Amino acid sequence: TPIFEHVTESHGWFWSFFFCAFLFMIIVGLGNVIGAIFVQATLASSAKLAARKQDARLEDDTRWSTNFMVFFRSLLVYAESDLLPELDDIMDGSCSDSLLEQMLAMEFPRHAFNLVVQQDEGARRALKQLDIDAQDTRHLADLLDPDNNGVIG
């Protein structure tokens, strides 16, 4: 005989109902715990994979240099710099010491930087490729001009 019938015959319907409810709670509760452990392990694995993927993107030197040069070219176009024709040499990997010195000595007004960030589609695309969120670009000039002298460089 099934155990429920045996409990009903031996102890009455109340204890049979109690036993069924107890068994149901244990099975459902245990199933929920096992399901929660599985979901938690899956989410942790997914987060770890996403973090590894983002770390690989952040450490990609080619990606950084290419997108920086796209952004830098947009700044030079706006500033109407005389370095613009020589920028293609830099993209090819050849850069003289004097050109590097000129680039390091350059300064851009904050308002010019903000206009490039807001209006130049190539610059915005480059910043997006560098994982800089569009909402964070409003504060980028503040970060790059910590002494608030109105000049970035």
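Residues numbered from 1 in each chain as written. Predicted model: local features only at pLDDT ≥ 70, side-chain atom pairs only at ≥ 80, totals over all residues. Heavy atoms only, no water.

(A) Representation of the packing of aromatic side chains in the model. Following the criterion strictly, the structure yields 6 aromatic pairs and no others. Plain terms: the ring middles of Trp13 and Phe14 are 6.4 Å apart, the flat faces sit at 85° to each other, and that makes the pair edge-to-face. Classification of Trp13 by relative accessible area gives exposed; the value is 64%. Relative accessible area serves as the criterion here: at 46%, Phe14 is assigned to the partly exposed category. Consider the rings of Phe71 and Phe113, whose centres lie 5.5 Å apart with planes at 70°: the pair is edge-to-face. (Phe/Tyr/Trp six-rings, centres within 6.5 Å; stacked < 30°, edge-to-face > 60°. Buried < 20%, exposed > 50% of the residue type's maximum accessible area, 1.4 Å probe, protein only.)

(B) Representation of the packing of helix H1 (residues 3-11) against helix H2 (residues 13-58). H2 packs onto H1 with a crossing angle of 145° between their chain directions and a minimal axis gap of 7 Å. Where H1 crosses over H2, the handedness of that crossing is right-handed. Counting all contacts with H1, which are made through Ile3, Phe4, Val7, Thr8 and His11, the residues of H2 involved are Trp13, Trp15, Ser16, Phe19, Cys20 and Leu23. Residue classes in the contact of H1 with H2 are distributed as 8 nonpolar, 3 polar and no charged. (Axes fitted to C-alpha atoms, helices over the stretch in contact; angles between N-to-C directions. Helix = DSSP H or I, 4+ residues; strand = E, 2+ residues; numbered from the N terminus. Left-handed = near helix turned anticlockwise from the far one by under 90°. Contact = heavy atoms within 4.5 Å. Nonpolar A, V, L, I, M, F, W, Y, C, P; charged D, E, K, R; others polar.)

(C) Expanded view of a nonpolar patch on the surface. Side chains of Ile3, Phe4, Trp13, Phe14, Trp15, Phe17, Phe18, Phe22, Leu23, Ile26 and Ile27 sit close together on the surface and give an oily, nonpolar patch of about 1,200 Å² of accessible area. Those elements that place two or more of their residues in the nonpolar patch are H1 and H2. Examining the composition of the nonpolar patch, we find that 9 residues originate from one element, H2, more than from any other. Counting through the fold element by element, Ile26 comes out in helix H2. Ile26 gets classed as partly exposed once you look at its relative accessible area, which sits at 44%. (Patch = residues over 30% accessible without salt bridge, like charges linked within 9 Å, V, L, I, M, F, W, Y side chains within 5 Å. Areas by Shrake-Rupley, 256 points an atom, 1.4 Å probe, with all protein chains shown as cover. Salt bridge = Lys/Arg side-chain N within 4 Å of Asp/Glu carboxyl O.)

(D) Structural detail: helix H3 (residues 61-79). With 19 residues, H3 extends 26 Å from end C-alpha to end C-alpha; this agrees with the ideal 27 Å at 1.5 Å per step. Between the side-chain oxygen at the start of H3 and the backbone nitrogen of Thr62 there is a gap of 3.3 Å, and the oxygen is on Asp60. Looking one or two places after H3, you find Glu80, whose phi comes out positive at around 50°. (Expected span 1.5 Å × (residues − 1). Polar contact = N/O pair within 3.5 Å; in protein donor to acceptor, adjacent residues only side chain to side chain.)

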